[in-house]
Amino acid sequence: VISSSVSIINTVFPIAGGIFVDMFGSIWGTLAINTVVIIGSLLTAIAAKYDSFGLMVAGRVIFGVGSGLIVTMQESILSKWFRTQHLSIAIGLQLSISRLATFLGTLVANPIAERTGDWVWAFWLSFIICVFSILMNLVYALVVRHLRRKAIKENKEAIAASGLTLSKQEIQ
């Protein structure tokens with residue numbers, strides 16, 4: 001039930017992810033969806049701590065919603081960075097790393113439980129990694145925002161130097 005609760009969600013929500021990306025943009029949209037992933041991971045860890053099966057299923061469903069949507073957004077970001085070349089290898093690499101992380105997570109769960117004496121720490125480690133992920137997502141979003149502002153400023157200066165005028169819509 002716990003595993004299938006994530007899988008069934010991931011069959012439907014990538015379509016919703018595409019709509020979400022088109023409406024809100026991939027960069028800031030990933031922050032919103034990463035927040036959903038963190039909430040799901042946190043609820044799962046809390047459920048493990050307090051032996052709540054219902055809360056764990058809910059946490060995994062929320063996590064599944066976020067993880068299903070985030071894949072669509074990641075591919076949208078990759079398509080912007082690799083427009084002309086190497087898009088296929090970039091997407092393949094992204095998917096391989098994602099699946100490797102899933103494999104490693106299941107591989108280290110038992111050793112973590114044995115070393116800490118508590119199996120719940122495997123869920124808390126997952127939560128910590130999700131927090132790191134959203135922090136890196138925020139850094140990426142801020143860097144892209146800075147680069148966009150810089151490019152807009154340089155383009156405005158170049159246009160001004162050329163003597164052309166642009167409407168407000170063309171500048172945006």
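Shown above is the structure to which this text applies.
Residues numbered from 1 in each chain as written. Predicted model: local features only at pLDDT ≥ 70, side-chain atom pairs only at ≥ 80, totals over all residues. Heavy atoms only, no water.

Novice: Help me out: how do you make sense of the overall build of the protein chain in this one?
Specialist: The secondary structure content of the protein chain amounts to six helices and zero strands. Listed N to C, the secondary structure of the protein chain is α-α-α-α-α-α in terms of helices and strands. Across the 172 residues of the protein chain, 28% fall into the buried class. Of the contacts formed within the protein chain by residues at least 6 apart in sequence, a portion of 73% connects residues at least 24 apart. A total of about 11400 Å² of accessible surface is found on the protein chain, and carbon and sulfur atoms cover 68% of it. (Helix = DSSP H or I, 4+ residues; strand = E, 2+ residues; numbered from the N terminus. Buried < 20%, exposed > 50% of the residue type's maximum accessible area, 1.4 Å probe, protein only. Contact = heavy atoms within 4.5 Å. Areas by Shrake-Rupley, 256 points an atom, 1.4 Å probe, with all protein chains shown as cover.)

Novice: Whenever I open this one, unusual backbone geometry confuses me. Can you help?
Specialist: At Asp 51, a residue that is not glycine, the phi angle is positive and equals roughly 50°. Within the secondary structure, Asp 51 is located in the loop between α2 (26-49) and α3 (53-81). Look at Asp 51 and you get exposed, because its relative accessible area is 64%. Notably, His 86 is not glycine yet its phi reads approximately 65°, a positive angle. Counting through the fold element by element, His 86 comes out in the loop between α3 and α4 (87-116).

Novice: Would you mind going over the nonpolar core with me for this structure?
Specialist: Buried together is how nonpolar side chains tend to be arranged in soluble globular proteins. Of all hydrophobic cores here, the largest spans ten residues; its members are Ile 27, Leu 31, Val 37, Ile 38, Phe 63, Phe 127, Cys 130, Ile 134, Ala 141 and Val 144. Counting residues per element, the ones that place at least two in this core are α2 and α5 (121-162). The dominant element in this core, judged by the number of residues it contributes, is α5, at five residues. Residues contacting Ile 38, with those up to four places away along its chain left out, are Phe 127, Cys 130, Val 131 and Ile 134. Within the second largest apolar cluster, six residues are counted, among which are Val 21, Ile 33, Val 65 and Leu 69. (Core = buried A, V, L, I, M, F, W, Y, C linked by side-chain atoms within 4.5 Å.)

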